[in-house]
Amino acid sequence: MNIINSSIKPSFSSPNPIPIKGFPQIPLKIQSLRSKPLNFKPIYVSKFQDFGGFVRTKSYDQIVCNAYEADHSPPLEIKIDETGGQKMKIGLYFATWWSLNVVFNIYNKKVLNAFPFPWLTSTLSLAAGSLIMLVSWATKMVEPPKTDVEFWKSLFPVALAHTIGHVAATISMSKVAVSFTHIIKSGEPAFSVFVSRVFLGETFPIGVYMSLLPIIGGCALSALTELNFNMTGFMGAMVSNLAFVFRNIFSKKGMKGKSVSGMNYYACLSMLSLLILTPFTIAMEGPKMWEAGWQTALTQIGPNFVWWVVAQSVFYHLYNQVSYMSLDQITPLTFSVGNTMKRISVIVASIIIFRTPIQPVNALGAAIAILGTFIYSQVNHLLS
């Protein structure tokens, strides 16, 4: 589009303006431009743009013209980055979540070594969390949630998946080393993609599928070279993976449109899971077995055993509570990635504290699985 030089003086021989398409016909009284200087500031054109959004077009019927006065600056579009604070908040959640999880896993394994009753141990964890939140609500430290029948209906499948995953993971850790359980559970992104693809109909780029190969290969290599391999422990970790993926997906869906925050959501989840789990715990183990096992543990460990049970129960609730506060802000896939990355600190800490023997090939498998998780998170971030 050609712009006429501003030095050319326009002249009009008729008081009636020439009709222009798209503009109203308004009579103009035009005085001679030479008779009196006009006190107008020059106008500079900053941009021409047609409504179609194309740079080159043959139609100039409608044109947007942005202009500004010579002694004023052009309008600026200021975009404030509000994601920095959000990323820092999520990072703090993740760091706290991982730290609490390490403490829980250490005490949980100590309790299971001295008191091999995973069903009761799992139930006590849920009971402790439920008690903590009931006291918080009663003392107004936390505002009680406003729930209805529909909320509890939508929560039930989440609680069922949470119960299965919690018990399966505890059974796994009662049979094998903590490090082995978490190496197998590092394959959770593969389960997450599988469930999202098959049950939710989501599709992923080829890069995401390729990034899962080292995760699966690393987990398989670690399982084949595990010195103290146990099939019950292995299957418990696998079942836990699948159950927790469903829990995360159902949780994200259930939290949409609800006024219940992540903290209260997990509190309600713990209470409902406790109701689901308690009858199965009594049927699988029973009070007589617990009494005998408790006396044996107190004899071998002493009063510290009671502290171990309290610690593993309280820290289980705390780390899950923080994880659900994170889930408030992120997608299920991102949650699964964060849940996998935390296992690095858990694996290293458990190997050091429990002096777990590990072969170089087994360590290589764990490293490949963890590296695969990192690659997966990067690919998923770039392609999202």
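These numbers were taken from a predicted model, which means no experiment stands behind them. (Residues numbered from 1 in each chain as written. Predicted model: local features only at pLDDT ≥ 70, side-chain atom pairs only at ≥ 80, totals over all residues. Heavy atoms only, no water.)

With respect to the overall build of the protein
- The secondary structure content of the protein amounts to 13 helices and 2 strands.
- A total of 384 residues make up the protein; the buried ones form 42% of that total.
- The contacts in the protein between residues at least 6 apart in sequence include a share of 83% that link residues at least 24 apart.
- Carbon and sulfur atoms provide 66% of the accessible area of the protein, an area that totals close to 22,500 Å². (Helix = DSSP H or I, 4+ residues; strand = E, 2+ residues; numbered from the N terminus. Buried < 20%, exposed > 50% of the residue type's maximum accessible area, 1.4 Å probe, protein only. Contact = heavy atoms within 4.5 Å. Areas by Shrake-Rupley, 256 points an atom, 1.4 Å probe, with all protein chains shown as cover.)

A word on the environment of W307
- With respect to the helices and strands, the residue W307 is situated in helix α10 (residues 304-327).
- Residue classification places W307 among the partly exposed positions, given a relative accessible area of 46%.
- Put simply, W307 and V111 are 196 residues apart on the chain and 9.7 Å apart in space, counted from C-alpha to C-alpha.

A closer look at helix α3 (residues 149-175)
- A rise of 1.5 Å per residue sets the reference length of α3, with its 27 residues, at 39 Å; its end C-alpha atoms lie 39 Å apart and thus fit the reference within 8%.
- A maximum bend of about 35° is found in α3 at F156, where proline P157 lies one to four positions downstream. (Expected span 1.5 Å × (residues − 1). Bend = angle between axes of the 7 residues up to and from the residue.)

Some remarks on the packing of helix α4 (residues 178-185) against helix α12 (residues 343-354)
- Between α4 and α12, the least distance of the axes is 8 Å, while the angle of their chain directions is 165°. Judged by the inter-axis angle, α4 sits roughly antiparallel to α12. Between α4 and α12 lies a crossing of left-handed hand. Between α4, through V178, S179, H182, I183 and K185, and α12, the contact on the second element is made entirely by R343, V346, I347, S350, I351 and F354. (Axes fitted to C-alpha atoms, helices over the stretch in contact; angles between N-to-C directions. Parallel < 35°, antiparallel > 145°, perpendicular 65-115°, else oblique. Left-handed = near helix turned anticlockwise from the far one by under 90°.)

Looking at helix α8 (residues 262-284)
- Helix length check: α8, at 23 residues, gives a terminal C-alpha distance of 32 Å against a target of 33 Å (1.5 Å per residue), a fit within 8%.
- At L277, α8 shows its maximal bend, which comes to roughly 35°, and the proline P279 appears one to four places after that position.
- One or two steps after α8, the chain reaches G286, where phi turns positive at roughly 100°.

What to know about the pattern of salt bridges
- Evaluated as defined, the whole model comprises 1 salt bridge.
- Here E150 and K153 are joined by a salt bridge, their closest N and O atoms 3.9 Å apart. Here E150 pairs with K153, and both are found in helix α3, just 3 residues apart, close to one helical turn.
- For K153, a relative accessible area of 55% gives the class exposed. (Salt bridge = Lys/Arg side-chain N within 4 Å of Asp/Glu carboxyl O.)

A word on the packing of aromatic side chains
- Under the defined criterion, the tally for this structure stands at 15 aromatic pairs.
- With centroids separated by 5.5 Å and ring planes inclined at 35°, the aromatic side chains of F104 and Y319 adopt a geometry described as tilted. In this pair, F104 is assigned in helix α1 (residues 83-114) and Y319 in helix α10, connecting sequence segments 215 residues apart. Y319 carries the same exposure label as F104, and that label is buried.
- Between F229 and F234 the ring centres are 5.8 Å apart and the planes differ by 45°, which places this aromatic pair in the tilted class.
- Among the aromatic residues, those joined into a cluster by ring pairs are F115, F117, W294 and F305. (Phe/Tyr/Trp six-rings, centres within 6.5 Å; stacked < 30°, edge-to-face > 60°.)

Some points on unusual backbone geometry
- A positive phi angle is found at K140, which is not glycine, with a value near 65°.
- With respect to the helices, strands and loops of the structure, K140 is situated in the loop between α2 (118-138) and α3.
- The class of K140 is exposed, set by a relative accessible area of 59%.
- Its identity is not glycine, yet R355 carries a phi of approximately 50°, on the positive side.
- Positionally, R355 belongs in the loop between α12 and α13 (360-383).

A few points about empty space enclosed by the protein
- Evaluated as defined, the whole model comprises 2 cavities of 30 Å³ or more.
- Put simply, the largest cavity is a space of about 200 Å³.
- In terms of lining, the largest cavity is formed by 20 residues, of which the most central are N101, K185, F244, Y319 and K342.
- Split by residue class, the lining of the largest cavity holds 8 nonpolar, 8 polar and 4 charged.
- The computed volume of the second largest cavity comes to approximately 30 Å³.
- Here the residues of the lining of the second largest cavity are counted per class, giving 2 nonpolar, 3 polar and 1 charged. (1 Å grid on protein atoms, 1.4 Å probe; cavity = no way out; pocket = protein on both sides within 12 Å on 5 of 7 lines; lining within 4 Å. Points joined across faces, edges and corners; volume = space filled by probe spheres on them. Nonpolar A, V, L, I, M, F, W, Y, C, P; charged D, E, K, R; others polar.)

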